Amino acid sequence: MSNELILDSLRRRFRALFSLYEECMETTSLEQINHHLGENVMPIAFSLFHYVNMHDASFMMLSGEMFIANDEWMRRIAPSIPDQGSTGPPVRCTCSRSATRTHSTST
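These numbers were taken from a predicted model, which means no experiment stands behind them. All residue numbers refer to positions counted from 1 along the written sequence of the respective chain. Predicted model: local features are reported for residues with pLDDT of at least 70 only, side-chain atom pairs are reported and counted for 80 or more only, and whole-chain, interface and lining totals are derived from all residues. For the side-chain quantities, the full set of heavy atoms in the structure was used; hydrogens and water were omitted.

With that out of the way, let us pick up the pattern of salt bridges. Criterion for a salt bridge: a side-chain nitrogen of Lys or Arg within 4 Å of a carboxyl oxygen of Asp or Glu. On inspection of all chains with the given rule, the structure shows two salt bridges. Among the salt bridges present, the one from Arg11 reaches Glu4, with a minimum N-O distance of 3.6 Å. Arg11 sits in the partly exposed class, given a relative accessible area of 40%. Across the pair Arg12 and Asp8 runs a salt bridge, and its minimum N-O distance is 3.2 Å. Of this pair, Arg12 and Asp8 both sit in helix H1 (residues 3-27), four residues apart, roughly one helical turn. Burial classes: relative accessible area under 20% of the type maximum marks a residue as buried, over 50% as exposed, and values in between as partly exposed (1.4 Å probe, protein chains only). Residue class for Arg12 comes out partly exposed when judged on its relative accessible area of 48%. Under the relative-accessibility criterion, Asp8 is labelled partly exposed at 32%. For the purposes of this entry, the term helix denotes a DSSP run of H or I that reaches at least four residues, the term strand denotes a run of E that reaches at least two, and both are numbered from the N terminus.

Structure follows, in C-alpha cells:
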C-alpha cells in the first residue's frame, strides 16, 4: 500500500472521529458528560479524555511535539476521576471516585 493511500485512509478516519467528537460537544451537557451511571461504568468524560489523549499521543509520535493534555491542562480541567486508566483496570479508576469505597483499589 502506498504512503498516499495510507494518508488518505488516516485523514478519512480522523475526519469521522472529529465529527463524532464535535457532535458530542455540541449536543451533550456538562452534566451528561460527567454523569456516573453506577459501579464499573465510566462517565462519557472518560472516553472523551482518552480520545483527546490518544490524538495528542499520535500527534506527538508523528510530529515530535509534546502533548497538549499535559499536567497543567489536567489541573485546569480538574477531572472527577483523576486516574484516566493508564495505571490500572477500570474498577481501580471507579474506586478512586470516592474514599468511602470499602473494596481494595489495588490490581
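What follows concerns the side chain of Ser9. With respect to the helices, strands and loops of the structure, Ser9 is situated in helix H1. Each polar contact in these results corresponds to two N or O atoms within 3.5 Å; when the atoms are within protein, one needs to be able to donate a hydrogen and the other to accept it, and residues that are neighboring in sequence are counted only if both atoms are side-chain atoms. Side-chain polar atoms of Ser9 contact the side chain of Arg13, separated by 3.0 Å.

One less than the residue count of a helix, multiplied by 1.5 Å, gives the span that helix is expected to have. For helix H3 (residues 44-63), with 20 residues, the first-to-last C-alpha span of 28 Å sits near the 28 Å given by 1.5 Å per residue. Of all the positions in H3, only Leu48, Phe49, Tyr51, Asn53, Asp56 and Ala57 are classed as buried. The contact criterion used throughout is that any non-hydrogen atoms of two residues lie within 4.5 Å. Check the buried side of H3 and you find it contacts H1, helix H2 (30-34) and helix H4 (71-77). A positive backbone phi angle near 85° is found at Gly64, which sits one or two residues after H3.

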